[in-house]
Amino acid sequence: MPQELFNKPVTELSGMLARGEVSAVELMRSVAERTRKVEPKVHAFNSLDEEDALAQAAASDARRAAAKASGAEVHALEGIPIGIKDVISVAGQPLTASSRMLATFVSPYDATVTTKLKAAGAICWGRLNLDEFAMGSSTENSAFGVTSNPYDLERVPGGSSGGSAASVAAGEAIASLGSDTGGSIRQPAALCNIVGLKPSYGRVSRYGLIAFASSLDQIGPFARSVDDAATVLGAISGHDRRDSTSLRMEVPDYRRGMDELRKSGRKWRLGIPKEYFGEGLDPEVGAAVQAAIAEYTKLGCEVREVSLPHTKYAVGAYYIIATAECSSNLARFDGVRYGHRSKDATDALDLYFKSRAEGFGPEVKRRIILGTYVLSSGYYDAYYLRAQKVRTLIRRDFLEAYKQVDAIVTPTSPTPAFRKGEKAANPLAMYLNDIYTIGVNLAGLPGISIPCGFTGGGLPIGLQIIGQPFKETELLAVARSYEERNDWRNRFPTL
Amino acid sequence: MTYETVIGLEVHVQLKTRSKMFTRVAAGYGHPENTLTDPVVLALPGTLPVMNKDALDKIIKAGLLLGCDIAPVCKWDRKNYFYPDSPKNYQISQYDQPICRGGSVEIELPGPARNVMGEHKRIALTRIHLEEDVGKLNHGEGASLVDFNRAGTPLMEIVSEPVIQSADEAFAYLTALKTIMIYGGISDCDMEKGQLRCDANISIRPVGQEALGTKVELKNLNSFSFVRDGIAHEIRRQTAVVESGGKIVQETRDYDGQTGTSQSLRSKEMAHDYRYFPDPDLMPVEVDSAWKESIRSGCPELPFDKQRRLLEQYQVPYTITSVLVPDGELSDYFEEAARLSGKPQAAGNWITNDLLRELGASKTPLSASKVRPAHVAGLVKLVEDGTILSNAAKEVFIDMFHSGEMPEAVLARKGLKAETNLEDLERWCAEAIAANSKSVADYKGGKESALNAFKGPVMRAAKGKADPKRVDETLRRLLAQ
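Rules used in this analysis
Residues numbered from 1 in each chain as written. Chains lettered and ligands numbered in written order. Predicted model: local features only at pLDDT ≥ 70, side-chain atom pairs only at ≥ 80, totals over all residues. Helix = DSSP H or I, 4+ residues; strand = E, 2+ residues; numbered from the N terminus. Rg over C-alpha atoms; globule rule 2.2 N^0.38 Å. Buried ≥ 20, exposed ≤ 12 C-beta atoms within 10 Å, placed from the backbone. Contact = placed C-beta atoms within 7 Å. Pairing = 2+ DSSP bridges. Axes fitted to C-alpha atoms, helices over the stretch in contact; angles between N-to-C directions. Nonpolar A, V, L, I, M, F, W, Y, C, P; charged D, E, K, R; others polar. Core = buried A, V, L, I, M, F, W, Y, C linked by C-beta atoms within 7 Å. pLDDT = per-residue confidence, 0-100. Domains from an automatic or database assignment. Parallel < 35°, antiparallel > 145°, perpendicular 65-115°, else oblique. Left-handed = near helix turned anticlockwise from the far one by under 90°.

Draft legend 1. Structural view of the overall build of chain B. When helices and strands are tallied, chain B shows 15 helices and 17 strands. A globule of 481 residues ought to have a C-alpha radius of gyration of about 23 Å, yet chain B, at 31 Å, is considerably larger. Expressed along its principal axes, the backbone C-alpha trace of chain B runs to roughly 95 × 55 × 50 Å. Going through the 481 residues of chain B one by one, you find that 40% of them count as buried. Restricting the contact set of chain B to residue pairs at least 6 apart, pairs at least 24 apart contribute 68%.

Draft legend 2. Here's a closer look at the sheet that holds strand β8 (residues 302–306) of chain A. All names here are of chain A. Overall, mixed pairing links the 11 strands, which are arranged β1-β3-β2-β4-β6-β5-β10-β11-β9-β7-β8 in an open sheet. One side of each edge strand has no neighbouring strand; the edge strands of this open sheet are β1 (45–47) and β8. This sheet shows a mean twist of 35° between the axes of neighbouring strands, independent of strand direction. Bridging between strand β5 (residues 195–198) and strand β6 (residues 218–223) involves 2 bridges; their strand directions are antiparallel. Bridge pairing in β6 links glycine 196 to phenylalanine 222. The sheet contacts of helix α3 (residues 50–70) involve β2 (81–85) and β3 (123–128), and relative to β3 the element is tilted by about 160°.

Draft legend 3. Looking closely at the interface of chain A and chain B. Opposite the 33 residues of chain A that make contact, chain B presents 24 residues. Ranked by the residues each element gives to the side of chain A that touches chain B, the list is headed by helix α10 (residues 314–329) of chain A, at 3 residues. Counted by class, the side of chain A that touches chain B contains 15 nonpolar, 10 polar and 8 charged residues.

Draft legend 4. Structural view of the pairing of strand β7 (residues 269–273) of chain A. Residues and elements named next belong to chain A. Note: β7 against β8, 5 bridges, orientation parallel. When the sheet's bridge partners are listed, glycine 271 is paired in β8 with arginine 304. Relative to strand β9 (residues 407–411), β7 runs parallel, the two being bridged by 2 bridges. Each residue of the ladder has a partner; that of leucine 270, found in β9, is alanine 407.

Draft legend 5. Layout of helix α5 (residues 162–169) of chain A. All names here are of chain A. Of all 8 residues making up α5, 8 are buried, and the element is well covered by its neighbours. Taken as a whole, α5 has its buried residues at Gly162, Gly163, Ser164, Ala165, Ala166, Ser167, Val168 and Ala169. At the exit of α5 stands glycine 171, carrying a positive phi of roughly 80°.

Draft legend 6. Spatial organisation of unusual backbone geometry. Of note, the amide linkage connecting glycine 159 of chain A to serine 160 of chain A takes the cis form, showing an omega dihedral of 5°. Considering the arrangement of structural elements, one finds serine 160 of chain A in the loop between β3 and α5. Not every positive phi belongs to a glycine, and phenylalanine 470 of chain A is a case in point at roughly 65°. Among the secondary structure elements, phenylalanine 470 of chain A is positioned in the loop between β11 (460–466) and α16 (472–483). Using a count of 20 C-beta atoms within 10 Å as the deciding quantity, one classes phenylalanine 470 of chain A as buried. Located in the positive-phi region is alanine 43 of chain B, a residue other than glycine, with phi close to 55°. Residue alanine 43 of chain B is classed as buried on the basis of its 24 C-beta neighbours within 10 Å.

Draft legend 7. Spotlight on the sheet that holds strand β5 (residues 90–93) of chain B. Residue and element names in this part refer to chain B. If you walk across this open sheet you meet the 3 strands as β5-β4-β16, and the pairing is antiparallel. Where the open sheet ends on each side, the last strands, each with one partner, are β5 and β16 (277–278). The sheet contact formed by strand β4 (residues 77–80) and β16 spans 2 bridges and is antiparallel. Bridge assignment links arginine 78 to a residue of β16, and that residue is phenylalanine 277.

Draft legend 8. Seen up close, the nonpolar core. By size, the foremost hydrophobic cluster in this structure holds 144 residues, and its most contacted members are Ile82, Ala175, Val195 and Ala407 of chain A. The element best represented in this core is α10 of chain A, accounting for 9 residues. Sequence-distant contacts of alanine 175 of chain A, that is, excluding residues within four places in its chain, are made with Val10, Ile80, Ile82, Val168, Pro221, Phe222, Ala223, Asp228 and Val232 of chain A. Within the second largest apolar cluster, 67 residues are counted, among which are Leu44, Ala151, Leu155 and Tyr183 of chain B.

Draft legend 9. Quick peek at the confidence of the model for chain B. On average, residues of chain B carry a pLDDT of 93, and 98% of them reach 70 or more. Taken together, the chains of this predicted complex give a pTM of 0.91 and an interface ipTM of 0.96.

Draft legend 10. Up close: the domain arrangement of chain B. Domain annotation of chain B identifies domain 1 (3–294), domain 2 (303–414) and domain 3 (422–480). Using C-alpha coordinates to define each centre, domain 2 of chain B is positioned 34 Å away from domain 3 of chain B.

Draft legend 11. View of the packing of α10 of chain A against helix α12 (residues 362–374) of chain A. Residues and elements named next belong to chain A. It is the contact of α10 with α12, at a shortest axis distance of 7 Å, that shows an interaxial angle of 100°. As the angle between them shows, α10 and α12 are arranged roughly perpendicular. Contact residues: Ile320, Thr323, Ala324, Glu325, Cys326 and Ser327 in α10; Arg367, Ile368, Leu370, Gly371, Thr372 and Val374 in α12. By residue class, the composition of the contact of α10 with α12 is 6 nonpolar, 4 polar and 2 charged.

Draft legend 12. The environment of aspartate 288 of chain B, seen in detail. Residue and element names in this part refer to chain B. Position of aspartate 288 among the secondary structure elements: in the loop between β17 (285–286) and α4 (289–296). Judged by the 9 C-beta atoms lying within 10 Å of it, aspartate 288 is exposed. When the C-alpha positions of aspartate 288 and alanine 412 are compared, they lie 60 Å apart, and in sequence the two are 124 residues distant.

Draft legend 13. Up close: the packing of helix α2 (residues 24–42) of chain A against α3 of chain A. Residue and element names in this part refer to chain A. With their axes 8 Å apart at the nearest point, α2 and α3 run at an angle of 155° to one another. Considering their axes alone, α2 and α3 lie roughly antiparallel with respect to each other. The way α2 lies across α3 gives a crossing that is right-handed. For the pair α2 and α3, contact is made by Ala24, Val25, Met28 and Ala32 and by Glu50, Ala53, Leu54, Ala57, Ala58, Ser60 and Asp61, respectively. A per-class count over the contact of α2 with α3 returns 8 nonpolar, 1 polar and 2 charged.

Right, here's the structure in full:
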């Protein structure tokens, strides 16, 4: 497929916009037109507001003209349509979390990342589908229908940020934002042949992100290249006085930092955790990842095996911590102030029971019940407290490994995209999809998934690179050094 | 059998901060419903709490004033329960690591008479922790409405050890606690505005028994008197139950101060499992010694320490200090007037009698009073040196209170100055003596009261403006010649 506007990366589009070869309105029209064409097949969006997006684009063109006149600097994201996962607040737009609970809810305020994107001049485009309240790995848990994988419409795009990944892959957005609690950015990125980055915990403000598991959630970008991911990350990072868990730390210029590292000719030391290549890893995925590791060796990187011995406890600890936090975080959805309110409740207690029974889907209920259980009096020490200890051990595993290596390389997902319905009846099998990504959240580390090949059947495969805390620049540089040597990202889906 | 009572009080005190505990929206009372809200207060999806440092400063100050140990880290937990007045359906609170532990409140029990100081004792505290207040439910017909104005207001929970032994002690405890909170600028503790709320855990046991009896929690004690009455009522109720062979059931009871009765709200079986866990949205805050010391340096003298000092330093009666001390501002006012006048007791009398009466009658706060300590001191001096008589001084005070003029100016304007023309006084006295030889004889014969016979004519001649003390002295001197 020839590269249309809607398929180009930010780096190229921002140049075209700067040179006046295309206007933001023209770009937005191209994306909107593409969306109208493919959206019936992909269903990446829960809602679209084309009129609003075109108005934003017109305002962007006006800003650019004014900046040109005054000589002011223009951000690389000026005029770039960026899709937003429907769990991140945009003032005046629906905020549904793909749940019946919030089917008609319109948020009155901007999330901090939304404010930052708008300040950079980006166009907030549409509300992207997800697993209900970001709980799932396939978008099948959405109350508004499953998103299709653009590379095979019979298959899932991954999740929970399935809409965010599919939209960028399908040319319905130039980049997008997702959220990652246990792999919800990296896994769908891998399944949709795009770049997905989960920043270090505390790098990006969570204010305005509907909380699933507060100590694990982090917002991050989906993009067509490592450079684009770095650009979006730069725009949304930084301390926020509205989020006490966001760190007071200088935000580096990621792209310049990457360029400097490249110039320095630094040879990376990469660790391959043996625990990530065992049972359950699809052979084709394993082979593609090994090939990518071989590329790194060719680049002169030092590759060595490392051990993350507590990996086997990660999924268990994760599902205790995440569900405990979600059981409390989702308590606010009670039908009293906003959201779904049962029509035939008889008293306050009945209002809670009926509104929540009607408003939440089965996976959300399952996790609320599990989380309520593990926090209950008499069980807290055995479950929650122990899981927190495991979490500390897992973080220690990583920090121990980082004494020997700069980054860790693994598969992102044990399998390529699976068929819709294939795992829907088996929650445990679904949970195991996140086996390689969960540890990163538990340890608060940055992680990225980049395209590293295709299966014989044409399904994308992702490579996960895990960085050291707050060393996103190094992580991005490691990712780009591989990305530069292949063309996987330009293999667009046929739609 | 005789029984003794064991009471523990849980007192909730709203902190006097400009904004709420975890967001910047204003805290306040009496505003139209749901106007002191924002996305955080309403727990809209995606919102996060951010700690109000002023609230932490204030609870640390409270802890320092009460002699508590201040924790090195302020840690936050979630207390999970569903209730429509709680927007998140969890309350951010402190569970296993309260910011303050230990400490005590010095109380004064009622004395044998109003003008005699009562016994002092210390009520030990278990802990003080910080949390957020909930909204308010207004139950109407067929529907209940929620007002979230109060939701998220910083709230301090002060838990006493079970060492309070009577309803009077409980009353004294609350009074002392309130005074300290007001002194520290921590809270106004206005119960009518819900700024102070009290629950009591009450049990009885036979005298001499070590083990505590089964406790009953009494709620809705919404005035200090209701606390005293409710506790007294509960002690009587428990005693009656036990004496008739019954058993106390562990429960929560609701006290109705209007009718003086209580009824069961819920039993222990219905107790909540709050599923406490550390709030992942709030990082623990380190409270280092520099922070604590900077707060300590702003701590005022404690009320009872002040009272002991006033008694000692100014040698004023207990009754004056017991009026002054509950009001720190009034105490400062007194000390200033005492210093300027050099006559603490006279100044104290003016302040505790006349000033408070006029302030009360005109509903004027002390800070807005036109009569300042210098006015009081000036008036004290004028009375002291005989320039003005005490009846006239009362009139001058009221005039000053309204005009704000200094006493000398009022005096000059109203012509209330005492007669000071000594020549006239000498003459009037001499004339009175000359006109009444019988009384002269009586006086010289040892009849002291005969002196009064001369005073009437002198006062008449002076048109009431003579200083009785000076008239007395002059008559005695002339009669002795």
